[in-house]
Amino acid sequence: MLQRIRASVQTKAWQKSLAEAVRQPRELLAQLALSDDPISLLTDHQPDFPLRVPQSYIRRMAVGEPNDPLLRQVLSTAAERAHVEGFGTSPVGDDAATLQSGLLQKYQGRVLVLATAACPIHCRYCFRRHFPYGDHNGQHRDWHPVLNAIAADTTLSEVILSGGDPLSLADEYLAELVEGLGKIAHLKRLRIHSRFPVVLPERIDRSLLGWIGKTRLNTTVVIHCNHGNEINGEVRDGLAQLKSRNVTLLNQTVLLKGVNDSAETLTELSEILFEAGVLPYYLHLLDRVSGAAHFDTSEQSALLLMESLRRRLPGYLVPRLVKEIAGEPYKRPLT
Ligand SMILES: *Cc1c(COP(=O)(O)O)cnc(C)c1O
Ligand code: SF4
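Not measured: the values here are computed from a predicted model.

Thresholds applied
- Residues numbered from 1 in each chain as written.
- Chains lettered and ligands numbered in written order.
- Predicted model: local features only at pLDDT ≥ 70, side-chain atom pairs only at ≥ 80, totals over all residues.
- Heavy atoms only, no water.
- Helix = DSSP H or I, 4+ residues; strand = E, 2+ residues; numbered from the N terminus.
- Buried < 20%, exposed > 50% of the residue type's maximum accessible area, 1.4 Å probe, protein only.
- Contact = heavy atoms within 4.5 Å.
- Areas by Shrake-Rupley, 256 points an atom, 1.4 Å probe, with all protein chains shown as cover.
- Salt bridge = Lys/Arg side-chain N within 4 Å of Asp/Glu carboxyl O.
- Phe/Tyr/Trp six-rings, centres within 6.5 Å; stacked < 30°, edge-to-face > 60°.
- Lys NZ or Arg CZ within 6 Å of the ring centre and 35° of its normal.
- Pairing = 2+ DSSP bridges.

Undergrad: Outline the overall build of the protein chain, supporting the account with residue identities and numerical values.
TA: The number of helices and strands found in the protein chain is 13 helices and 10 strands. Each of the 335 residues in the protein chain was classed as buried or not, and the buried ones make up 54%. Put simply, 81% of the contacts in the protein chain that link residues at least 6 apart link residues at least 24 apart. Total accessible area computed for the protein chain in this model is approximately 14900 Å², and 50% of it derives from carbon and sulfur atoms.

Undergrad: Lay out the pattern of salt bridges in plain terms, naming residues and giving numbers.
TA: For the structure on display, the rule yields 15 salt bridges. A salt bridge links Asp-171 to Arg-203; the nearest nitrogen and oxygen atoms lie 2.9 Å apart. Here Arg-203 lies in the loop between helix H9 (196-199) and helix H10 (206-214) and Asp-171 lies in helix H8 (residues 171-182), a separation of 32 residues in the sequence. The buried category is assigned to Arg-203, whose relative accessible area is 0%. As a salt-bridge pair, Glu-264 and Arg-312 come within 3.3 Å of each other at their nearest N and O atoms. Linking Glu-264 in helix H12 (residues 263-275) with Arg-312 in helix H13 (residues 299-312), this pair joins segments that are 48 residues apart in sequence. Relative accessible area serves as the criterion here: at 41%, Arg-312 is assigned to the partly exposed category. One salt-bridge network, in which partners are shared between bridges, spans Lys-106, Glu-324 and Lys-331.

Undergrad: Describe in detail the packing of aromatic side chains, supporting the description with residues and values.
TA: Considering all chains together, one arrives at four aromatic pairs under this definition. Taken together, a centroid distance of 5.6 Å and an interplanar angle of 80° make the contact between Trp-14 and Phe-196 edge-to-face. Here Trp-14, found in helix H2 (residues 13-19), pairs with Phe-196, found in helix H9; they are 182 residues apart in sequence, far enough to count as distant. Like Trp-14, the residue Phe-196 is buried in the burial classification. Sitting over the ring of Trp-14, Arg-203 keeps its end group 3.9 Å from the ring centre.

Undergrad: Lay out the sheet that holds strand S9 (residues 320-323) with the relevant residues and their values.
TA: Spatially, 10 strands are ordered S1-S2-S3-S4-S5-S6-S7-S8-S9-S10 in an open sheet, and the strand pairing comes out mixed. Of all the strands in the sheet, just strand S1 (98-100) and strand S10 (332-333) have a single pairing partner and so form its edges. Inspection of the sheet shows strand S4 (residues 158-163) paired to strand S5 (residues 189-194) by four bridges, in the parallel sense. In the strand pairing of S5, Glu-158 is matched with Arg-189.

So this is what it looks like as structure tokens:
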């Protein structure tokens, strides 16, 4: 069965774009007409979490601007080498929440499938940057153990596809998984956490829309957008396609110093998202992962930002500021 599917998988446009993603810091800087100096670039490559950024995302960066908010999210700098107290390799308790290979549960009724370790982009602040993905999956997996475990637990009503980025998988594999989930009677909702709709909108092609439009499960795609500059016409078109298949669109943002930690930036982000049919969901305080301390903002300044957002925006465009604390039964809202 798997053999047959594998044989039928063809290289799609988005897969070609991913294969052509920039992996060399110097190449990225050259494209943006920047020298190494202004950002104290790490000259040695980080083999465990190297640069990875598709051209489509680079095209949204400003040329000649070392502090471009999109560039800062992907370019490793010397600051990553700093060892900072309180920043570790497993900040959100994933090890303790692992049910079995590829399956995490922290919250009642919702289970998270780590569908793949691959991502279309490597975000320097990512809390999974040290995650031992090797323990969880091969490239293309057999879904039976995951489906059987979900089928056996009737307390579950929602399945979240995560990773890595679940949309890194070929549609053939995703269709197979989602079809299997649809057959589990106690499931009501499917959620997909993905940065693809923002980073590489061509991912939302006919083949993806096929399986996503077909499932009986009430489907939400939670995109991950941190700055209004990430949304362009192509992104809006892709999101509109998802909407046309009755997919609910939400966004999560990570609060990042030097990228989006201002009331103006976050207000604009909410407004741009809403114009694109997306409601803000979570604003995450940075997970304290080593190598990302330079993106950290204080809880105090985050609360002040929220106060400012509430004054500027209608309630439905104000994201919920949350902090994930290992072992707690939900992401803790900060007010
Ligand atoms: C964040 C997360 C969820 C989703 O939480 P919601 O509050 O439902 O958005 C579910 N499972 C795990 C393991 C998570 O980390
Ligand atoms: S899991 Fe999400 S935040 Fe982390 S590197 Fe992948 S796309 Fe970026």
